[in-house]
Amino acid sequence: DTAVSQTPKYLVTQMGNDKSIKCEQNLGHDTMYWYKQDSKKFLKIMFSYNNKELIINETVPNRFSPKSPDKAHLNLHINSLELGDSAVYFCASSQGWGNTEAFFGQGTRLTVV
Amino acid sequence: AQSVSQHNHHVILSEAASLELGCNYSYGGTVNLFWYVQYPGQHLQLLLKYFSGDPLVKGIKGFEAEFIKSKFSFNLRKPSVQWSDTAEYFCAVNGDNAGNMLTFGGGTRLMVKP
């Protein structure tokens, strides 16, 4: 049983397209996140979301938007994809807000051509 | 704002050698500290974490890390590495005003030669 699962694992698309990456967690956690890992392996937080609050990293373009249909899902929508969006996107979840660890999904490798 | 730096970008060791990976953070308040490992093609897995208490924490697979508050450091150690430890290692912190959002260091790529 995968605790945090993302689909698809690989996504290749053309510039200008709109795409979504889905994330589901079966851990019963109340907080979910999206991280971006660039080609140099540098990881950066994009969003943090629980049922009360969305925190957005101010460096994230507004073409990126998280959508949460319920507590177990946090999907990432990307509009007007650009070459620089190519990266590996990791979803994560945790319980509570404070002293707790995050569990990561297996990542989605997005390639924009 | 918090930041994390990992000094070693690439480390190459032979099996049975001892390992120490450096991690320094900058943040003025209380922090939680983590080391994650990413095996080739896989997701991030937690190796160990420090929230409070004993500054020497032990994690999975024989790894340990020591929190030295005066040095703002959280170095990862393993007395004897194995070929299967080849992976990317990330130090991360979250400050007491950042919820659970992690700030990661740039990662250290460890290659263990058999």
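Note: the structure precedes this text.
Since the structure is predicted, the reported quantities are computational estimates derived from the model, not experimental observations. (Residues numbered from 1 in each chain as written. Chains lettered and ligands numbered in written order. Predicted model: local features only at pLDDT ≥ 70, side-chain atom pairs only at ≥ 80, totals over all residues. Heavy atoms only, no water.)

## Here's the deal with the overall build of chain A
How we decide: Note on conventions: DSSP H or I runs of at least 4 residues are helices, E runs of at least 2 residues are strands, and numbering of each starts at the N terminus. Burial classes follow relative accessibility: with a 1.4 Å probe on protein chains only, a residue under 20% of its type's maximum area counts as buried, one over 50% as exposed, and anything between as partly exposed. By definition, residues are in contact when any of their heavy atoms lie within 4.5 Å. Charge assignment in this entry is limited to Lys and Arg as positive and Asp and Glu as negative, and neither His nor the chain termini are counted. Positions of charges follow a simple convention, taking NZ of Lys, CZ of Arg, CG of Asp or CD of Glu.
Along the backbone of chain A there are zero helices and 11 strands. Across chain A, helices and strands are ordered from the amino to the carboxyl terminus as β-β-β-β-β-β-β-β-β-β-β. In terms of overall dimensions, chain A has a C-alpha envelope of 40 × 30 × 30 Å along the principal axes. Burial statistics for chain A: of 113 residues in total, 44% are counted as buried. Restricting to contacts in chain A with at least 6 residues of sequence separation, those with at least 24 account for 55%. Between the mean site of the 12 positive side-chain charges and the mean site of the 11 negative ones, chain A shows a separation of 6 Å.

## Some points on unusual backbone geometry
Residues other than glycine predominantly adopt negative phi, and peptide bonds predominantly adopt the trans conformation. Going from T7 of chain A to P8 of chain A, the amide bond is cis rather than trans, its omega being -5 degrees. Within the secondary structure, P8 of chain A sits in the loop between β1 (4-7) and β2 (10-13). For K61 of chain B, which is not a glycine, the phi torsion comes out positive at approximately 60 degrees. Tracing the backbone shows K61 of chain B in the loop between β7 (56-58) and β8 (64-68). In this structure K61 of chain B comes out as partly exposed when scored by relative accessible area, which is 45%.

## What to know about the packing of aromatic side chains
What counts is decided by this rule: Each Phe, Tyr or Trp ring (for Trp, its six-membered ring) is paired with any other whose centre lies within 6.5 Å, and the angle between the two planes then decides the class: stacked below 30 degrees, edge-to-face above 60, tilted in between.
A complete count under the given rule lists 14 aromatic pairs over all chains for this structure. Taken together, Y33, Y35 and F104 of chain A together with F34, Y36, F51, F90 and F104 of chain B form an aromatic cluster joined through their ring pairs.

## Here we look at the environment of V37 of chain B
Residues and elements named next belong to chain B. Within the element layout of this structure, V37 appears in strand β5 (residues 31-38). A relative accessible area of 1% means that V37 is categorised as buried. Leaving out residues up to four positions away in the same chain, V37 has contacts with H43, L44, Q45, L47, A87, E88 and Y89.

## A short note on the interface of chain B and chain A
Our working definition: Buried area is a sum: the accessible area each of two parts loses on coming together, probed at 1.4 Å, counted once for each and added. A carboxyl oxygen of Asp or Glu within 4 Å of a side-chain nitrogen of Lys or Arg is what we treat as a salt bridge.
The partner chain A presents 23 residues to the 22 residues of chain B that form the contact. Among the residues of chain B in contact with chain A, N100, M101 and F104 of chain B are the three that bury the most area, contributing 33% of the side total. Counting across the chain B and chain A interface gives one salt bridge. The partner of E101 of chain A in a salt bridge is K49 of chain B, with the nearest N and O atoms 2.7 Å apart.

## What about the state of the cysteines?
Let me state the cut-off plainly: Pairs of cysteine sulfur atoms within 2.5 Å are what we label disulfides.
In total, this model carries two disulfides over all chains according to the counting rule given. One disulfide bridge connects C23 of chain A with C91 of chain A, the sulfur atoms lying 1.8 Å from each other. One disulfide, between C23 of chain A and C91 of chain A, carries an S-S torsion of -80 degrees and so falls in the left-handed class. Of this pair, C23 of chain A sits in strand β3 (residues 19-25) while C91 of chain A sits in strand β9 (residues 87-94); the two residues are 68 residues apart in sequence, bridging distant segments of the chain. With respect to class, C23 of chain A is no different from C91 of chain A; both count as buried. Covalent S-S linkage joins C23 of chain B and C91 of chain B, the inter-sulfur distance amounting to 1.9 Å. Taking the sign of the torsion about the S-S bond as the criterion, the disulfide between C23 of chain B and C91 of chain B, at about -65 degrees, is left-handed.

## Looking at the side chain of R63 of chain A
All names here are of chain A. Formally: Pairs of N or O atoms within 3.5 Å make up the polar contacts considered here, provided that, within protein, one atom can donate a hydrogen while the other can accept it, and that residues adjacent in sequence are counted only when both atoms are side-chain atoms.
Checked against the element boundaries, R63 lands in the loop between β6 (54-56) and β7 (64-67). Take R63: its relative accessible area is 14%, and that puts it in the buried class. Side-chain polar atoms of R63 contact the side chain of D85, separated by 2.8 Å. Among all residues touching R63, those that are not within four sequence positions of it are H77, I78, N79, S80, L81, E82 and D85.

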